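Chain and residue survey
Listed below are the residues making up each chain.
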Amino acid sequence: MGGSFLCLHRFIVFRLAIKMGAMEKLSGPKAKQISSTCLGCASPRCEEACPLHNPIRECLALIRSNKAEQAAELLYSSNPFPELTSALCEHFCKQRCIRGFAGSPIDFGSVEGYLASFDDNRAKQPENGRRIAIIGAGPAGLSCAYELLLWGFSVEVFDSQDGIGGAIREFIPRFRFDEAPLSGIYDRLVRLGCRFHFGSMVDLSKPLEGFEATFAAVGANEPNLANFVLSDKVVDGLSFLKAAKWGSPRYPDDLPAYVYGGGNVAFDAARTLARLGVKAKVIYRRGEAQMPGDAKEYRRCLEDGVEFMFQRSIVSAGGNLRICHTALGEKGKDGRASFSPIPGSEEEIPYGLLVLCIGQRRPICGDGLICIGDANDGASDIPHAIASGLNAGNGYI
């Protein structure tokens, strides 16, 4: 009885905590204040770093001149979904802002959220009678649909879920992203003429009949398990996050839980466990500086009490976790340091749950399908997925 009550209490606390990470809306005066700090660089490093190449300098200049509506119109021309990127982008622009060398870099992500409050009034071309199918209603599929719709194509989007968003809707915890903006994006696309078919399990072996082209934007959601075997105590990260968001997640009552990985999926899993009242520790094979996840999400993990075990590798996951220390070596072709186990450093530790967050694999698509987003490039991030969809749509026109 006591254990059941504890589980119920933890789950209720988790549900009450989902709004804690919501992003505070920026006001017009605050946006103008931020824009006033822009140096107007001749060669903006921020725009170069942005996967969507947003016209950041010009948007900020327009806001300074009390022309926020025009700034929003300009932003929509390069990024149709600022309501997504403002909350979920790693903000490469901020990382490259020249002001960061001597002070605080410009937080254009917050400005994006402000500009997203304005309507998208881009004009649509007349219907051209050409039918396009898109499999997948995630960021890549939606941005591809948006671009093709503007050019007059008839677009139909098929998705196995009950709504749009793809991985955003299915896996990202609500404490990190409020799904309300997805409804607005859906309404905008429907107004442009998009037709959605939800709950559709589509065969990826061939193009859909009756369409001029079929784009596959189904993400990269097949977990990489390496040499691990799933069990009651070993689960993959995406399945855990999906259960936590849409069902009843399984978690230990007494023993600690470990998350294996250093990306955003690992961070989301660790923060979810922390909100369930579980002692969560992240094991990562390299050091703090080598983690591929978003730096701000790492900071939020620390704020939530998540512990990190750097330069550790899991050898096996049986009755106990068998781990060893690692030594970092030379950088590989991907720019990340290699690592190797340190002989004699192995140890066993008890665990209640191991969540594997060591990457995802792309799906296998048949000939004739145009793969975009993570289905083509491998697991990436939201702005790169949006850019992939836009580029695919523009490239097809």
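Check the entry above for the structure.
Residues numbered from 1 in each chain as written. Predicted model: local features only at pLDDT ≥ 70, side-chain atom pairs only at ≥ 80, totals over all residues. Heavy atoms only, no water.

**Quick notes on the nonpolar core**
If you look at soluble globular proteins, the nonpolar side chains tend to sit buried side by side. Where we set the bar: Among buried residues, the Ala, Val, Leu, Ile, Met, Phe, Trp, Tyr and Cys ones that are joined through side-chain atoms within 4.5 Å form a nonpolar core. Accessible area is worked out with a 1.4 Å probe on protein chains only. A residue is then buried under 20% of its type maximum, exposed over 50%, and partly exposed in between. Contacts were defined at the residue level, with two residues in contact if any of their heavy atoms lie within 4.5 Å.
Residues Val155, Leu189 and Phe215 are the most contacted members of the largest nonpolar core, which totals 40 residues. Apart from the residues lying within four places of it in its own chain, the contact partners of Leu189 are Leu142, Tyr146, Leu149, Cys194 and Phe196.

**Observations regarding the packing of helix H4 (residues 56–64) against helix H5 (residues 68–76)**
Our working definition: Helix axes are fitted only over the stretch in contact, all axes being lines through C-alpha atoms; the angle between N-to-C directions runs from 0 to 180 degrees. Secondary structure follows DSSP: runs of H or I at least 4 residues long count as helices, runs of E at least 2 residues long count as strands, and numbering of each begins at the N terminus. Throughout, the term roughly parallel applies to angles under 35 degrees, roughly antiparallel to angles over 145, roughly perpendicular to angles from 65 to 115, and oblique to all others. By the definition used in this description, the sense in which the near helix is turned from the far one sets the handedness, with an anticlockwise turn below a right angle giving left-handed and a clockwise turn giving right-handed. Each residue receives one of three labels: charged for Asp, Glu, Lys and Arg, nonpolar for Ala, Val, Leu, Ile, Met, Phe, Trp, Tyr, Cys and Pro, and polar for the others, Gly being one of them.
Interhelical geometry of H4 versus H5 gives an angle of 165 degrees and a closest axis separation of 7 Å. Taken together, the axes of H4 and H5 lie roughly antiparallel to each other. At the point where H4 passes H5, the crossing takes the left-handed sense. Between H4 and H5, the contacting residues are Glu58, Cys59, Leu62 and Ile63 on the first element and Ala68, Gln70, Ala71, Leu74 and Leu75 on the second. The residue makeup of the contact of H4 with H5, split by class, is 7 nonpolar, 1 polar and 1 charged.

**Quick word on helix H9 (residues 139–150)**
Filter applied, for reference: In this scheme, a helix's expected span is set at 1.5 Å multiplied by one less than its residue total.
Taking 1.5 Å of rise per residue, 12 residues should cover 16 Å, and H9 covers 17 Å from first to last C-alpha, within 8% of that figure. When H9 is considered as a whole, its buried residues turn out to be Pro139, Ala140, Gly141, Leu142, Ser143, Cys144, Ala145, Tyr146, Glu147, Leu148, Leu149 and Leu150. Directly beyond the C-terminal end of H9, a positive phi value near 95 degrees is found at Gly152.

**Thoughts on the environment of Cys46**
Along the chain, Cys46 falls in helix H3 (residues 45–49). Between the alpha carbons of Cys46 and Leu148 there is a distance of 28 Å; along the sequence they are 102 residues apart. Once residues within four sequence positions are removed from consideration, Cys46 is found in contact with Ile56 and Cys93.

**Looking at the packing of aromatic side chains**
What counts here: Classification of ring pairs rests on two measures: the distance between centres of Phe, Tyr or Trp rings, Trp counted by its six-membered ring, which must be within 6.5 Å, and the angle between planes, read as stacked under 30 degrees, edge-to-face over 60 and tilted in between.
Taken as a whole and judged by the stated rule, the model has 14 aromatic pairs. Ring centres of Phe308 and Phe310 lie 5.6 Å apart, and the angle between their planes is 15 degrees; on these two criteria the pair is classed as stacked. Relative accessible area serves as the criterion here: at 15%, Phe308 is assigned to the buried category. Its relative accessible area of 21% is what places Phe310 among the partly exposed residues.

**Describing empty space enclosed by the protein**
Quick note on the threshold: The distinction between a cavity and a pocket rests on a 1 Å grid over the protein atoms alone: a 1.4 Å probe fits inside a cavity but cannot get out, while a pocket stays open yet meets protein on both sides within 12 Å along at least five of seven lines, and a residue with an atom within 4 Å of a point counts as lining. Grid points are joined across faces, edges and corners, and a volume is the space filled by probe spheres set on the points.
Overall, the coordinates contain 4 cavities of 30 Å³ or more when judged by the stated rule. Cys38, Cys41, Cys46, Cys97 and Ile106 are the residues nearest the centre of the largest cavity, which is lined by 18 residues in total. Mapped by element, the contributors of at least two residues to the lining of the largest cavity are H3, H4 and helix H7 (92–96). Partitioned by chemical class, the residues of the lining of the largest cavity number 12 nonpolar, 1 polar and 5 charged. Computed from the structure, the second largest cavity encloses a volume of approximately 80 Å³.

**Structural notes on a nonpolar patch on the surface**
Applied cut-off: For patches, a residue must show more than 30% relative accessible area and have no salt bridge; joins then use 9 Å for like charges and 5 Å for nonpolar side chains, namely Val, Leu, Ile, Met, Phe, Trp and Tyr. To measure how exposed things are, a 1.4 Å probe is used in the Shrake-Rupley method; for residues, cover is taken only from the protein chains shown. One speaks of a salt bridge when a side-chain nitrogen belonging to Lys or Arg is within 4 Å of a carboxyl oxygen belonging to Asp or Glu.
Taken together, Leu39, Ile98 and Phe101 make up a surface patch of nonpolar side chains, about 330 Å² in accessible area. Residue Ile98 is classed as partly exposed on the basis of its relative accessible area of 35%.

That's the geometry; what it means functionally is another story.
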